[in-house]
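# Structure at a glance
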Amino acid sequence: MNPLSISPCVEHSEMLCPGPAIELAMLLGLPDRPPDKDAALPPLWHWVYLPERPNRADLGEDGLPTHGSLVPSPSTGSRRLLAGGTVEFIYELRIGRSATRRSVVAGRQTKAGRSGGLVFTTIVHEIVQNGRICIRERQDVVDVPPRSVAGAQGDRPTEVVGPDSVEVSIDPVVLFRFSAAAGVSHRIHWDEKYAQEVEGYPGLVVQGPLQTILMAEGLRARRQQAPRALEYRYLAPLIANKRMFICWNGAEAYVQDGTGRRTAWARVRE
């Protein structure tokens, strides 16, 4: 684990049962590939395993942990976003075997933004199975000033997307099922009234990890091999029940909404 960490290492272990992977396969429309015991998890599917499980009493108004977490809920009025990260796939994780996730806060810094100070926190995870590190991951989360993240959703005509693209429909049911599978309790993904009236979004927000998994699935299929590492970034909020396109170009992929605005980006790193 990173020797430069600024927090104690938090460990969580569990058996990687088939259930979460089967749920994700069905959610992504892949019933022809239901994972079973000893199957290898596809890239990023570990995101539906080993989640934080805070007590109900420890959750704030936004659904995020107020304490007892590596990154407690942001200060009053601020908003929490996942900015991006990188994932290194060293060995395959296998279903039906125990795994341990070790996590630390590796850094925290404040930067000036157009709407005020932005607090960036870097978290490093390692997932260990059979005594060896299988996945090494860095996640960057950012706390932003109130009502500075939603932005306006314009009514411009749909811009032309690349020839290698597919339109995906994301509705509140999909958001709910993915939040449940991944252990995500942030209210912007399932409580539309809260998302609009408190955090200032036009509607429910599509989870960044769901967008990244969809991009990674396409990259893996087109390259006919699993990536050794993946870098991803979230560029703007993607609102549910709007048009959503997944686009691929060689080793890169991006998500685009119906106004032509890119909301997420990913790149295979060799």
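Rules and cut-offs
Starting afresh in each chain, residues are numbered from 1 along the sequence in its written order. Two thresholds apply to this predicted model, a pLDDT of at least 70 for residue-level local features and 80 or more for giving and counting side-chain atom pairs, whereas whole-chain, interface and lining totals are computed over all residues. Neither water nor hydrogens contribute to the side-chain values; these are computed over all heavy atoms in the structure. Per the convention used, a helix needs a DSSP run of H or I reaching at least four residues, while a strand needs a run of E reaching at least two, with both numbered from the N terminus. Relative accessibility decides the category of a residue: with a 1.4 Å probe and only protein chains considered, values under 20% of the type maximum give buried, values over 50% give exposed, and everything between is partly exposed. Any two residues having at least one pair of non-hydrogen atoms within 4.5 Å are treated as being in contact. The accessible surface values rely on the Shrake-Rupley method and a 1.4 Å probe; as for residues, cover is taken only from the protein chains in view. A pair of strands is considered paired only if DSSP assigns at least 2 bridges between the two. You can read pLDDT as the predictor saying how much it trusts each residue, on a scale of 0 to 100. For the purpose of counting charges, residues Lys and Arg are taken to be positive, whereas Asp and Glu are taken to be negative. His and the chain ends are not included. For salt bridges, the criterion is a side-chain nitrogen of Lys or Arg within 4 Å of an Asp or Glu carboxyl oxygen. Within 3.5 Å is the distance limit for a polar contact, defined as a pair of N or O atoms, with the added protein rule that one can donate a hydrogen and the other accept it, and that residues adjacent in sequence qualify only through two side-chain atoms.

## Things to note about the overall build of the chain
Across its full length, the chain carries four helices and 10 strands. Starting at the N terminus, the α and β elements of the chain follow one another as β-α-β-β-β-β-β-α-α-α-β-β-β-β. Every one of the 270 residues in the chain was classed for burial, and the buried ones make up 49%. Within the chain, counting contacts between residues at least 6 apart in sequence, those at least 24 apart form 73% of the total. Put simply, the chain shows about 13,300 Å² of open surface, and 51% of that area lies on carbon and sulfur atoms.

## Points about the pairing of strand β2 (residues 79-89)
For β2, the buried fraction is high: eight of the 11 residues fall into the buried class. In this structure, β2 lies alongside strand β5 (residues 132-144), joined through 10 bridges in antiparallel fashion. The residue of β5 that forms the bridge with Leu82 is Val141. Taken together, the five bridges between β2 and strand β7 (residues 229-234) define a ladder with antiparallel strand orientation. When the sheet's bridge partners are listed, Glu88 is paired in β7 with Ala229.

## A word on the pairing of β7
Within β7, five of the six residues are buried, which leaves it mostly tucked inside the rest of the structure. Direction of pairing for β7 relative to strand β10 (residues 262-269): antiparallel, over a ladder of six bridges. Within the sheet, the bridge partner assigned to Tyr234 lies in β10 and is Ala264.

## Things to note about the confidence of the model for the chain
On average, the chain scores 86 in pLDDT, and the residues at 70 or more come to 85%. Across the chain, element-level confidence peaks in β7 with a mean pLDDT of 97 and bottoms out in strand β3 (residues 98-113) with 89.

## Quick look at the side chain of Arg101
Inspection of the secondary structure assignment puts Arg101 in strand β3. Buried and unpaired, Arg101 has no salt bridge, with Glu52 as the nearest side chain of opposite charge at 5.3 Å. Separated by 3.5 Å, the side chains of Arg101 and Ser103 make a polar contact. Excluding residues within four positions of it along the chain, Arg101 makes contact with Val10, Glu11, His12, Leu50, Pro51, Glu52, His125, Glu126 and Ile127.

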